[in-house]
Amino acid sequence: MYKTQLAALMMMFSATALANTTDVEMIDLNSGKSVGSVSLEQTAYGTVFTPNLSNLPAGLHGFHIHANASCDSISKDGKTVLGGAAGGHYDPKQTGKHGTPWTDDNHLGDLPALYVDSKGMATQPVLAPRVQLTDVKNRALMIHAGGDNHSDHPAALGGGGARIVCGVIK
């Protein structure tokens, strides 16, 4: 009987652990090739985003959750916008404001910047304290070409620029 209870407990723990994590395949929007994945894990402190990415431009990059579950390109004003179907930063409170990951008066999709080392690797986890894993299911995870100053000044949306890598959170 003890073995049966232990097995049931282990299965329950495994199912709970799986429900608290998800992996997102990240695709280079120019080439359409995978650059790796980002693991999302729900913790008592928020959601941890752990990248395992390669072949990216070195430096800091804007890293955001976008509203829609699509990485498709769109045409806007006669120009192609790579990853444009992902929509804007996820903003369920409709604040219309870009900001830091730990304040409540801005987009929920504003994450800490992603660091890419000189070899093009991103492996440093970031913590989003306000984000719950259930908030981000069926949304896009986006990496931008430039950094992110977590403000709308001097450039909108932190100044991150073009969308370069995207994945859909399932």
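Residues numbered from 1 in each chain as written. Predicted model: local features only at pLDDT ≥ 70, side-chain atom pairs only at ≥ 80, totals over all residues. Heavy atoms only, no water.

Per an unreviewed UniProt entry, the protein chain carries the name Superoxide dismutase [Cu-Zn] and comes from Vibrio aquimaris. A UniProt comment under Sequence similarities (unreviewed entry) is attached to the protein chain, and it reads "Belongs to the Cu-Zn superoxide dismutase family." Word for word, the UniProt comment on the protein chain under Catalytic activity (unreviewed entry) is "2 superoxide + 2 H(+) = H2O2 + O2". (UniProt positions renumbered as here; feature names shortened; annotations may be inferred.)

Caption draft 1: Structural detail: the sheet that holds strand S3 (residues 46-53). Reading across the sheet, the seven strands line up as S5-S10-S11-S1-S2-S3-S9 and stay open at both edges, with antiparallel pairing between neighbours. Bordering the open sheet on either side are strand S5 (63-66) and strand S9 (126-128), each of which pairs with just one other strand. Averaged over all adjacent pairs, the angle separating strand axes in this sheet is 25°, with direction ignored. For S5 and strand S10 (residues 139-144), the ladder comprises four bridges, and the chain directions are antiparallel. Paired with His66 across the bridge in S10 is Ala140. (Pairing = 2+ DSSP bridges. Helix = DSSP H or I, 4+ residues; strand = E, 2+ residues; numbered from the N terminus. Axes fitted to C-alpha atoms, helices over the stretch in contact; angles between N-to-C directions.)

Caption draft 2: Just the pattern of salt bridges, in detail. Scanning all chains against the criterion turns up one salt bridge. The salt bridge involving Lys97 is made with Asp105; its shortest N-O contact spans 2.8 Å. On the basis of relative accessible area, Lys97 is assigned to the partly exposed category, the value being 37%. Note on Asp105: relative accessible area 41%, which makes it partly exposed. (Salt bridge = Lys/Arg side-chain N within 4 Å of Asp/Glu carboxyl O. Buried < 20%, exposed > 50% of the residue type's maximum accessible area, 1.4 Å probe, protein only.)

Caption draft 3: Region of the structure containing the side chain of His61. With respect to the helices and strands, the residue His61 is situated in strand S4 (residues 59-61). Of note is the side chain of His61, whose polar atom sits 2.6 Å from the backbone oxygen of Pro57. A polar contact is formed between the side chain of His61 and the backbone oxygen of Ala145, at a distance of 3.0 Å. Those residues in contact with His61 that sit more than four places away from it in its chain are Ala113, Leu114, Val116, Ile143, His144, Ala145, Gly146, Gly147 and Ile164. (Polar contact = N/O pair within 3.5 Å; in protein donor to acceptor, adjacent residues only side chain to side chain. Contact = heavy atoms within 4.5 Å.)

Caption draft 4: Broad picture of the packing of aromatic side chains. For the coordinates displayed, the defined rule picks out one aromatic pair. On the numbers, 6.0 Å between centres and 80° between planes, the contact of Phe49 with Phe63 is edge-to-face. On the criterion of sequence distance, the pair formed by Phe49 in strand S3 and Phe63 in strand S5 is long-range, its members being 14 residues apart. In this pair, the class of Phe49 matches that of Phe63, namely buried. (Phe/Tyr/Trp six-rings, centres within 6.5 Å; stacked < 30°, edge-to-face > 60°.)

Caption draft 5: Spotlight on the environment of Ile74. Tracing the sequence through the fold places Ile74 in strand S6 (residues 74-76). The partly exposed category is assigned to Ile74, whose relative accessible area is 34%. Through-space distance from the C-alpha of Ile74 to that of Ala85 is 5.9 Å; in sequence the pair is eleven residues apart. With residues up to four places along the chain from it excluded, the contact list for Ile74 reads Lys79, Thr80, Val81, Gly84 and Ala85.

Caption draft 6: Region of the structure containing the pairing of strand S2 (residues 34-43). Sheet topology note: the strand S1 (residues 21-28)/S2 ladder contains seven bridges and is antiparallel. Note that in S2 the partner of Met26 across the bridge is Gly36. Between S1 and the antiparallel strand that follows it, S2, lie five residues; Gly32 among them carries a positive phi value of about 80°. Across eight bridges, S2 lies against S3 in antiparallel orientation. Residue pairing for S3: Val38 is matched across the bridge by Pro51. Connecting the antiparallel pair S2 and S3 is a turn made up of two residues.

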